[in-house]
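# Tertiary structure, described
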Amino acid sequence: MTPYEIARRAVAPFMPALEGEVAALLAEAVPRGATLLDVGGRKSPYTIGLPVLVTVSELPRESEHQHQHNLGLDDAGVAALRRTRSNVAGVVFDDMSCSALGAASFDAAVAVEVIEHVDDDEGFVRNLARVVRPGGPVVLTTPNGDARPVHGADHRRHYRRDQLIKLVTPYFEVVFVRYAVAMTDNRLVGMRSFSPRHPTDVFEVMRANVQSRRESADPDVRRNRGAAANLVALLRAKSPEVVAAAAATVSKSERVPSGGPVRWARRSEWVHRVVMGDAMLAAPGGERRTLQGLAAAIWVVLEEPLTVEELTDELRDLTDGVEPDHDAIDEALRLMEDHGVIERVEGRSS
Ligand SMILES: C[S@@+](CC[C@H](N)C(=O)[O-])C[C@H]1O[C@@H](n2cnc3c(N)ncnc32)[C@H](O)[C@@H]1O
């Protein structure tokens, strides 16, 4: 192992919970000495120290959008992988939605927080199954759309568990798709970037990650669709013949829509009045709802359909520039949708 890998292994317990979940799954599912394709791997932190030969597949970092959201790899990123990693055998630039890699050319694959960035997700999973030898393990993670229906501009969509299962089933034997990583403040704090020049920030991020890992070990997180931030799937690739035959029959019409952030709108049957900061809603059939706190504020600013970014800007204005809590907005929108007072309207390209 290189000094970088030794240092990273030493601090592994202080790294984000998802990284730990993926590393543990790979250690269990991927045999020693296997070839492993890390699709959209970037720095591939979860394969550090794994006794396998990793090939990182990535998109070249070219656009302003990629720079802004820290996506893709540039020359410096490739050089860093070559310099610091002993088990990264190579880097390839390849788009998995239309991959040029050969059929059955890897023993296993992993794609951590990638598929939500992809326009052609069906092409992505089809090619992923094609490039792995039949029966080879594939680990896939993505944000949990059951609990986090709202996504930002760098994601095309968030999948509910049933939607992800439906997407992969034609091409993979599904071993399991479960929930992972407790949706708590510690998860968010643990994902902050920090500089070693600010030791208190480093300490705070590490403390939050230790807590987040502890919270994520609660068995309820794996079962409860509302408690987890991510979906984690362990799949086994079907044979190339089955993959090719399935491609012809998969219905494109039932896909999870993409096309940029969805807009949220008040459902038109409700009328409201605001009393001391609460929004009192009434429908013609006599139904009543009272929205308080953040939900009331969201209702008030949804005078017209808004994306979550627009909604966040409006809420920031309401609170004199204080940054609203994104997970709290997610949660409030989900509850308001469940209560039938708001709805999603057609997404628009970002
Ligand atoms: C959020 S990053 C995740 C990086 C890494 N897997 C991790 O968890 O640290 C998503 C990465 O997927 C890559 N990506 C997006 N679409 C892709 C595609 N169609 N094929 C390969 N990589 C893709 C992006 O360039 C980006 O670096």
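## Things to note about the overall build of the protein chain
For the protein chain, the helix and strand inventory stands at 13 helices and 13 strands. Relative to the 2.2 N^0.38 estimate, which gives 20 Å for 350 residues, the radius of gyration of the protein chain is 22 Å and therefore close to what a compact globule would have. Partitioning the intrachain contacts of the protein chain with sequence separation of at least 6 by distance along the chain shows that 71% fall at a separation of at least 24.

## Quick word on the nonpolar core
Core analysis: the biggest nonpolar cluster contains 57 residues, and Ala 109, Ala 111, Leu 128, Val 132, Val 138 and Ala 228 have the highest contact counts within it. Here this core takes seven residues from strand E7 (residues 228-237), the largest share from any one element. Counting residues in hydrophobic clusters, the runner-up holds 20 residues, among them Ala 279, Leu 281, Leu 302 and Val 308.

## Regarding the site of the ligand
Close to the ligand lie 20 residues; Gly 40, Arg 42, Gly 72, Met 96 and Val 112 are nearest. Residue composition of the shell around the ligand, grouped by class: nine nonpolar, six polar and five charged.

## Quick look at the sheet that holds strand E9 (residues 271-275)
The three strands are arranged E9-E10-E11 in an open sheet whose pairing can be described as antiparallel. Since the sheet does not close on itself, it has two edges, and those belong to E9 and strand E11 (288-291), each with one partner. Averaged over all pairs of adjacent strands, the angle between their axes in this sheet comes to 20 degrees, without regard to strand direction. Pairing analysis gives four bridges linking strand E10 (residues 278-282) to E11, with the strands arranged antiparallel. Each residue of the ladder has a partner; that of Ala 279, found in E11, is Leu 291. Packed onto the sheet, helix H11 (residues 293-301) meets E9, E10 and E11 and runs at close to 65 degrees relative to E10.

## A closer look at the sheet that holds strand E3 (residues 88-93)
Sheets are built from strands that pair by backbone hydrogen bonding, the pairs being arranged parallel or antiparallel. With mixed pairing, seven strands are arranged side by side in an open sheet as E3-E2-E1-E4-E5-E7-E6. Every interior strand has two partners, whereas the edge strands, E3 and strand E6 (172-182), have only one. Between one strand axis and the next, the sheet turns through 20 degrees on average, direction left out of account. Pairing of E6 with E7 involves nine bridges; the strand directions are antiparallel. Bridging across to E7, Glu 173 finds its partner in Arg 236. The strands touched by helix H6 (residues 161-168) within the sheet are strand E5 (137-143), E6 and E7, with E6 carrying the most contacts at an inclination of about 155 degrees.

## Quick word on helix H5 (residues 121-131)
Burial within H5 is extensive, with nine of its 11 residues counted as buried. When we look at burial in H5, the residues that qualify are Asp 121, Phe 124, Val 125, Arg 126, Asn 127, Leu 128, Ala 129, Arg 130 and Val 131.

## Re the environment of Val 139
Mapping Val 139 onto the fold places it in strand E5. Distance from Val 139 to Ala 246, taken between C-alpha atoms, is 21 Å for residues 107 residues apart in sequence. The residues contacting Val 139, other than those within four sequence positions of it, are Val 22, Leu 25, Leu 26, Ala 29, Val 110 and Leu 234.

## Focus: H6
Where H6 is concerned, the buried positions are Leu 164, Leu 167 and Val 168. Summarising the axial view, the buried residues of H6 lie within an arc of 85 degrees, below the 170-degree limit, and thus occupy one face. Taken together, the buried residues of H6 touch H5, E5, E6 and E7.

## Regarding the domain arrangement of the protein chain
Each assigned domain of the protein chain is listed with its residue range as follows: domain 1 (3-254) and domain 2 (264-344). On a C-alpha basis, the centres of domain 1 and domain 2 stand 33 Å from each other. Listed by partner, the interface residues are seven residues for domain 1 and seven residues for domain 2. A class-by-class count of the residues in the side of domain 1 that touches domain 2 yields five nonpolar, one polar and one charged.

## Let's talk about the packing of H11 against helix H13 (residues 326-338)
For the pair H11 and H13, interaxial distance at closest approach is 10 Å and the crossing angle is 75 degrees. Judged by the angle between their axes, H11 and H13 are roughly perpendicular. On H13, the residues that touch Leu 294, Ala 295 and Ile 298 of H11 are Ala 328, Ala 332, Leu 333, Leu 335 and Met 336.

## Remarks on the packing of H5 against helix H10 (residues 240-249)
Contact geometry for H5 and H10: axes closest at 9 Å, N-to-C directions at 165 degrees. Looking at the two axes, H5 sits roughly antiparallel to H10. When you trace H5 past H10, the crossing you get is left-handed. Residues Arg 126, Ala 129 and Arg 130 of H5 lie in contact with H10, whose contacting residues are Pro 240, Val 243 and Ala 247. The residue makeup of the contact of H5 with H10, split by class, is four nonpolar, no polar and two charged.

## Overview of the environment of His 158
With respect to the helices, strands and loops of the structure, His 158 is situated in the loop between E5 and H6. Spatially, the C-alpha atom of His 158 lies 23 Å from that of Pro 219, the residues being 61 residues apart in sequence. Sequence-distant contacts of His 158, that is, excluding residues within four places in its chain, are made with Glu 116, Pro 143, Gly 145, Arg 148, Pro 149 and His 151.

Parameters at a glance
- Residues numbered from 1 in each chain as written.
- Predicted model: local features only at pLDDT ≥ 70, side-chain atom pairs only at ≥ 80, totals over all residues.
- Helix = DSSP H or I, 4+ residues; strand = E, 2+ residues; numbered from the N terminus.
- Rg over C-alpha atoms; globule rule 2.2 N^0.38 Å.
- Contact = placed C-beta atoms within 7 Å.
- Core = buried A, V, L, I, M, F, W, Y, C linked by C-beta atoms within 7 Å.
- Buried ≥ 20, exposed ≤ 12 C-beta atoms within 10 Å, placed from the backbone.
- Near = placed C-beta within 6 Å.
- Nonpolar A, V, L, I, M, F, W, Y, C, P; charged D, E, K, R; others polar.
- Pairing = 2+ DSSP bridges.
- Axes fitted to C-alpha atoms, helices over the stretch in contact; angles between N-to-C directions.
- Arc of directions from axis to C-beta.
- Domains from an automatic or database assignment.
- Parallel < 35°, antiparallel > 145°, perpendicular 65-115°, else oblique.
- Left-handed = near helix turned anticlockwise from the far one by under 90°.

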